[in-house]
Amino acid sequence: MTNPRARPDAARADGGSYRDPDSFVFYHGGRVCRAVSPELWPALEAAWQGGVIETLIRDGVLIGSELVPEGSEDHEAFSRHFPGMARFVLHQRVPSVSYPYEWSFSMLADAALLHLTIQEALLKADLSLKDATAFNVQFVRGRPVLIDLGSIEKPGRRDVWVAYSQFCRMFLYPLALQLFRGMNFRQIFLADVQGISAEETYKLLGFWRSFSPAFFMDVFLQRQFNRADQARVRRLKPQLTKGSGDPAVQVFNLRRLARKVKKLRARYTCAGPWSEYEQTHSYAGSARGEKEEYVGRFLKTYKPATVLDLGCNTGVFSLMAAREGAQVVAMDGDHDCVEMLYRKVREEQLPILPLVINLTNPSPAIGFDNRERLRFADRIRGETVLALALVHHLLVSGNLSLAAIRDLMAGLTTKYLVIEFVEREDEMFQTLLALRKDTCGTLSLQTFVNVFQERFDLLDSRPLAGTRRHLLTMQRRA
Amino acid sequence: MISFGWPMSLAYIDPGTGGMILQLVMAALVGAGLFFRRSIARVFSIFLRKKSDPDDKSKGTS
């Protein structure tokens, strides 16, 4: 997320951090910083002094944050850039930034539970989250982390959570729609960064499901109350500032929501065509071992700090790279593969970020001015790209040319590429071609190498015994 | 004029409105429930001898 062209002393405001005037993120000398307004500072100061921020950071649920001491060199420099802001915070950097339209089901569910956990902890310290959006969450070692310290505020009433509705739109409704209507929530978040409304959810779930005990309050009643007339809404404001309310009531509501999300998460089962690929695919046993050995040797020799595993499937090679100490982003177009990998990563707390990405249609830049959420290629790159058993899919299903695939790879890697070339006589290649016009007639290892050598140096090439496949290691030319 | 398929009056209403009303209703109901539970506990505590505090217990075992 840093801009390499920025001068080290320049401060650049983050495009996705404009909604809240009381707190925004900026970059300074390669560091992620946050400015806090004089209006917000008293609440944050109370949170810091009460120890709740420290506890949340220690529990790994809030992003690492360090207060810049008043009078320090940094404080003076930041104040010059942003006069009028009260204090500044230095944040820990997230290895790779991802968005909810790239997550799997359990990732969104865990991000929801994270909000409920933090809200309950804050409530004990007489504080509250004013937002509940999935865009405030990032994943580090298989765990969701809240990155928006500026969401913490002094609540008006203690029995009401101001972000409850937003929580439903961003988490509860998308999860319910994916589970009960098979609606991929990717389309919800790409279409609207605010999630999906109670009205739309009601229409998609239908009357009976919305009326059922599980969704009666959160979908049916909420939709009914949304139809309140304007006069009643204006009367609501004094209601919300009157009295302090009993926090036990809100805790009751938060726990009810947590039970609901956990139930949805437990009910999701993986059944995608690729999730069983490990058991069913067509390798000779020894070739499989050879491939793992080849990748293992590469990882040990070149020791890449960051690895992108494209078409990761259930993540065999991502796991190998993580065990060799690399930060891994594992991508697959199949949701259930990513879901299965995420469950494993979460359990073992591995440095792998599993994402649902279709390489022929990666996430665009969206939001205000198309700068609020960055496009995939501006966020995610790796020192090494692993593209194993992928090229034939891009060629045939993706309809990409070899040159387009080469440029895609050159855009994703900063150094190395380990790529598997699949001859068109290969069994899986032929299966892909079965109902399509064969446009790969002239494809051979030599043409493949020739095309790639325009932007890469070939370091190593080796056939996989007993198959029509080859493994190649290349280095991108600067 | 674009109405987004909504009655015009609804276009001015924040999408969080329903959630607020719902929570206020819930606060009244759950709040009443909690109040009664506490009052019942208080009434009982008059008639029944108070059990030892959990705090005292923890002191005893430590």
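Residues numbered from 1 in each chain as written. Chains lettered and ligands numbered in written order. Predicted model: local features only at pLDDT ≥ 70, side-chain atom pairs only at ≥ 80, totals over all residues. Heavy atoms only, no water.

Some thoughts on the overall build of chain A
Okay, so step 1: Broken down by element type, chain A carries 20 helices and 16 strands.
Okay, so step 2: The C-alpha atoms of chain A give a radius of gyration of 25 Å, which matches the 23 Å a tight globule of 478 residues would have.
Okay, so step 3: On the principal axes, the C-alpha backbone points of chain A span a range of 75 × 60 × 35 Å.
Okay, so step 4: In chain A, which comprises 478 residues, the share counted as buried stands at 54%.
Okay, so step 5: Counted over contacts in chain A with a minimum sequence separation of 6, partners at least 24 positions apart contribute 70%.
Okay, so step 6: As presented, chain A carries roughly 21000 Å² of accessible surface, and 51% of it is formed by carbon and sulfur atoms.
Okay, so step 7: In chain A, the 62 positive side-chain charges and the 54 negative ones have mean positions that sit 4 Å from each other. (Helix = DSSP H or I, 4+ residues; strand = E, 2+ residues; numbered from the N terminus. Rg over C-alpha atoms; globule rule 2.2 N^0.38 Å. Buried < 20%, exposed > 50% of the residue type's maximum accessible area, 1.4 Å probe, protein only. Contact = heavy atoms within 4.5 Å. Areas by Shrake-Rupley, 256 points an atom, 1.4 Å probe, with all protein chains shown as cover. Lys, Arg positive; Asp, Glu negative; His and termini not counted. Charge placed at Lys NZ, Arg CZ, Asp CG, Glu CD.)

Regarding the nonpolar core
Residue and element names in this part refer to chain A.
Okay, so step 1: Counting residues in each nonpolar core, the largest one holds 118 residues, and the members touching the most others are Met409 and Phe448.
Okay, so step 2: Those residues within four positions of phenylalanine 448 in sequence are excluded, and the remaining contacts are Val391, Leu402, Ile419, Phe421, Leu472 and Met474.
Okay, so step 3: Tyr294, Phe298, Ala322 and Leu341 belong to the second-largest nonpolar core, a separate cluster that totals 23 residues. (Core = buried A, V, L, I, M, F, W, Y, C linked by side-chain atoms within 4.5 Å.)

Describing the pattern of salt bridges
Residue and element names in this part refer to chain A.
Okay, so step 1: Inspection of every chain in the model, using the stated rule, returns 35 salt bridges over all chains.
Okay, so step 2: Notably, a salt bridge pairs arginine 343 with glutamate 339, separated by 2.8 Å at the nearest N-O pair. Of this pair, arginine 343 and glutamate 339 both sit in helix α15 (residues 335–348), four residues apart, which is roughly one turn of that helix.
Okay, so step 3: Connected through salt bridges with shared partners, the residues Glu199, Lys203, Arg223 and Arg227 form a single ionic network. (Salt bridge = Lys/Arg side-chain N within 4 Å of Asp/Glu carboxyl O.)

Things to note about helix α14 (residues 316–323) of chain A
Okay, so step 1: Within α14(A), burial applies to Phe317(A), Ser318(A), Leu319(A), Ala321(A) and Ala322(A).
Okay, so step 2: In the stretch just after α14(A), Gly325(A) is the one whose phi turns positive, near 95 degrees.

What about the environment of Arg34(A)?
All names here are of chain A.
Okay, so step 1: Within the secondary structure, arginine 34 is located in strand β3 (residues 31–36).
Okay, so step 2: Taking the C-alpha atoms as reference points, arginine 34 and aspartate 148, separated by 114 residues in sequence, lie 9.4 Å from one another.
Okay, so step 3: If we skip the residues at most four places from it in the chain, arginine 34 touches Ser23, Phe24, Val25, Phe26, Arg87, Phe88, Val89, His91, Ile147, Asp148, Leu149 and Gly150.
Okay, so step 4: From its side chain, arginine 34 meets the backbone oxygen of isoleucine 147 in a polar contact 3.1 Å long. (Polar contact = N/O pair within 3.5 Å; in protein donor to acceptor, adjacent residues only side chain to side chain.)

Section: the confidence of the model for chain B
Residue and element names in this part refer to chain B.
Okay, so step 1: Residues at a pLDDT of 70 or more form 56% of chain B, whose mean pLDDT is 68.
Okay, so step 2: Low pLDDT (under 50) marks residues 1–9, which in the prediction has four contacts with non-local residues, meaning those over four places away or in another chain.
Okay, so step 3: Overall, residues 56–62 carries pLDDT values under 50, and its contacts beyond four positions in sequence, including any with other chains, amount to one contact. (pLDDT = per-residue confidence, 0-100.)

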